[in-house]
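Geometric and topological summary
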Amino acid sequence: MSLVYAGVCSHAPGITGRADLCENTEKRDEFYAQLDKQRQDIEDSGAEALIVVAAEHFANFFMNNMPAFCIGIGAEYQGPIEDPEWLKISKTAVPGAPDLGTRITREVMQTVDVAYAEEWKFDHGIMVPLNFLTPNYDLPIIPVNINCQGPPLTPLHRAWEFGLALRRSCDAVPEKVALVGTGGVSHWPATPDSGKINEEWDRRFLGQLMRQDKEAVLGYSDQETYAQAGQGGYEIRTYIATAAAAGGLGELQFYTAELPIFAVGVTVGRFDIAA
Amino acid sequence: MSLYYLQKFLYVLNRDEGAQKKYQNDLEALLGDFDLTDEEADALRKGDIGLLYVLGVNGQILMHYAAFLGIEWFDYLDMMRKGIEEHGPVRAGVYTMTGEGESFTEEEKSR
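In short, a report on the structure. These numbers come from a predicted model, not from an experiment.

It is worth spelling out unusual backbone geometry at this point. Residue and element names in this part refer to chain A. Residues Gly-79 and Pro-80 are joined by a peptide bond in cis, for which omega reads -5°. By secondary structure assignment, the location of Pro-80 is in the loop between strand S4 (76-79) and helix H3 (84-87). For the bond running from Pro-151 to Pro-152, omega is 5°, close enough to zero to count as cis. Mapped onto the fold, Pro-152 is located in the loop between strand S7 (141-146) and helix H6 (156-171). If you check the backbone angles, Lys-88 has positive phi at about 60° while not being a glycine. Relative to the helices and strands, Lys-88 resides in the loop between H3 and strand S5 (92-95). On the accessibility criterion, Lys-88 (44% relative accessible area) is partly exposed. Even without a glycine there, the phi angle at Ala-263 is positive, about 65°.

Residue and element names in this part refer to chain A. For strand S2 (residues 49-54), the buried fraction is high: six of the six residues fall into the buried class. Across the two faces of S2 the burial is the same, with Ala-49, Ile-51 and Val-53 and Leu-50, Val-52 and Ala-54 all buried. Here S2 pairs with strand S8 (residues 176-182) via six bridges, running parallel. Within the sheet, the bridge partner assigned to Val-52 lies in S8 and is Val-180. Where S2 lies against S7, five bridges are found, and the strand directions are parallel. Within the sheet, the bridge partner assigned to Ile-51 lies in S7 and is Ile-142.

Moving on, we come to the environment of Leu-27 of chain B. Position of Leu-27 of chain B relative to the elements: it lies in helix H3 (residues 27-32). With sequence-adjacent residues up to four places away left out, Leu-27 of chain B is seen in contact with Phe-9, Lys-22, Leu-44 and Arg-45 of chain B.

Turning our eyes to something else, we now look at the interface of chain B and chain A. Interface size, as often reported, equals the accessible area lost upon joining of the parts. In this assembly, 34 residues from chain B lie in contact with 37 residues from chain A. Taken together, both faces of the contact between chain B and chain A bury some 3200 Å²; the carbon and sulfur share is 60%. At the junction of chain B and chain A, the tally comes to zero salt bridges. The interface formed by chain B and chain A holds 18 residue pairs in polar contact (both at pLDDT 80 or more) in total. Broken down by secondary-structure element, the contributors of at least two residues to the side of chain B that touches chain A are helix H1 (2-15), helix H6 (59-68), helix H7 (73-87) and helix H8 (106-109) of chain B. Looking at side-chain class alone, the side of chain B that touches chain A contains 15 nonpolar, 11 polar and eight charged residues.

A few words now on the side chain of Asn-147 of chain A. Residue and element names in this part refer to chain A. Position of Asn-147 relative to the elements: it lies in the loop between S7 and H6. Given a relative accessible area of 4%, Asn-147 falls into the buried group. A distance of 3.1 Å separates the side chain of Asn-147 from the backbone nitrogen of Gln-149, its partner in a polar contact. Separated by 3.3 Å, the side chain of Asn-147 and the backbone oxygen of Pro-152 make a polar contact.

Further remarks concern the pattern of salt bridges. Residue and element names in this part refer to chain B. Here the structure, examined in full by the defined rule, presents 22 salt bridges over all chains. In this structure, the salt-bridge partner of Glu-28 is Arg-45, at a minimum N-O distance of 2.7 Å. Of this pair, Glu-28 sits in helix H3 while Arg-45 sits in helix H4 (residues 38-46), and the two are 17 residues apart along the sequence. The exposure class assigned to Glu-28 is partly exposed, which follows from its relative accessible area of 44%. Several salt bridges share partner residues, and in doing so they unite Glu-28, Asp-42, Arg-45 and Lys-46 into one network.

The next point concerns the environment of Gly-184 of chain A. All names here are of chain A. Note that Gly-184 resides in the loop between S8 and helix H7 (199-210). For Gly-184, a relative accessible area of 1% translates into the label buried. Once the C-alpha coordinates of Gly-184 and Pro-135 are considered, the two residues, 49 residues apart in sequence, prove to be 21 Å apart. Among all residues touching Gly-184, those that are not within four sequence positions of it are Gly-232, Glu-235, Ile-236, Tyr-239 and Val-264.

Residue and element names in this part refer to chain A. Within the open sheet, the eight strands sit side by side as S6-S3-S7-S2-S8-S1-S10-S9. Their pairing is mixed. Each edge of the open sheet carries a strand with a single partner, namely strand S6 (115-117) and strand S9 (247-256). Between one strand and the next, the sheet's axes are offset by a mean angle of 20°, whatever the strand orientation. Sheet topology note: the strand S1 (residues 2-9)/strand S10 (residues 266-273) ladder contains four bridges and is antiparallel. Looking at S10, one finds that Gly-7 is bridged to Arg-270. Sitting on the sheet, H7 touches S1, S9 and S10, and the angle it makes with S9 is about 155°.

Another aspect to go through is the packing of aromatic side chains. In total, this model carries 18 aromatic pairs over all chains according to the counting rule given. A ring pair is formed by Trp-201 of chain A and Phe-205 of chain A, whose centres lie 5.7 Å apart and whose planes are at 10°; its orientation type is stacked. One end of the pair is Trp-201 of chain A and the other is Phe-205 of chain A, both in helix H7 and four residues apart, which spans about a single turn. Residue class for Trp-201 of chain A comes out buried when judged on its relative accessible area of 0%. Taking the centre distance of 4.9 Å and the plane angle of 90° together, the rings of Tyr-4 of chain B and Tyr-5 of chain B count as edge-to-face.

Definitions and cut-offs
- Residues numbered from 1 in each chain as written.
- Chains lettered and ligands numbered in written order.
- Predicted model: local features only at pLDDT ≥ 70, side-chain atom pairs only at ≥ 80, totals over all residues.
- Heavy atoms only, no water.
- Helix = DSSP H or I, 4+ residues; strand = E, 2+ residues; numbered from the N terminus.
- Buried < 20%, exposed > 50% of the residue type's maximum accessible area, 1.4 Å probe, protein only.
- Pairing = 2+ DSSP bridges.
- Contact = heavy atoms within 4.5 Å.
- Buried area = accessible area lost by both parts, 1.4 Å probe.
- Salt bridge = Lys/Arg side-chain N within 4 Å of Asp/Glu carboxyl O.
- Polar contact = N/O pair within 3.5 Å; in protein donor to acceptor, adjacent residues only side chain to side chain.
- Nonpolar A, V, L, I, M, F, W, Y, C, P; charged D, E, K, R; others polar.
- Axes fitted to C-alpha atoms, helices over the stretch in contact; angles between N-to-C directions.
- Phe/Tyr/Trp six-rings, centres within 6.5 Å; stacked < 30°, edge-to-face > 60°.

Remember that the coordinates give geometry; whether it matters functionally is a separate question.
In structure tokens:
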């Protein structure tokens, strides 16, 4: 039928893995409540499948064969690859949507040279969102990856075009499809600077994103992003693709820099689906 | 090119349960599958997070490896800082330390 929901959320492993270490439990729980609202919104949309546009972290793709974009068309996925005790998410099987994923991939290919994969192991980049958004793992998932990790990275304007292609593909299938882009704004994950957050940069970027200011969000150079927002800032590609797919104005439902134990400015947002 | 294989070793280890078993049962054989320098192989034998960080291993790969080794989060951060103290700045890649090694969370400061 069409794209019925589009939103964004953070995926940092600390969100689940370091939940118990977090001292600001009030803010943490406020964030969790917003994720639960996002779960409810997806459920209320009647979505029959969920596309997760992610920035995976070398769970599947390495520099021996790194696609700019990849769509999962497998029947089932396993995750997390990380130690479940560390991530605080049990290893589980997640249902895929092979037929729908294949049809979407076929349509995306009309304008974007996307790779596809029937095998995919989920890392925190997908498992943390699913832990909140489909806690029973009963909604078929179509994983999508944009290369935000191994330079040369996918150009921002291509991420935008990819989002448009995903939208066109969703609108061409009879099923109701939801889409969540999951990444970070400024952060310096997995380094001694973990917990560093550039709130001003985050709010500026997210404001531009929510206003659908295409020129502004595509205007960030990787050098500028790295200097101001760290290597984690490269993950804005997932948010950009989501905004492009939705086409409508966004609502930043939650943002805080007050949970540095999660090592990112945690974010939840949604977009109107433009006609 | 060696950093490539050092990271590939960890990439394979992080995602492949077969490689994880080999790591536990016959580490030398697993190391032999990759074109590593003596320094890199030794860092892997010791699980030397600090040196691996300085050598330029991507933080995401390194973080998952540290989790595999059962290293607690704040200990992991500390090991990277000590690696820099001992071996100097990160030699390659984009996961360099940008601060002076300070902690950015109250939770770690109050530990």
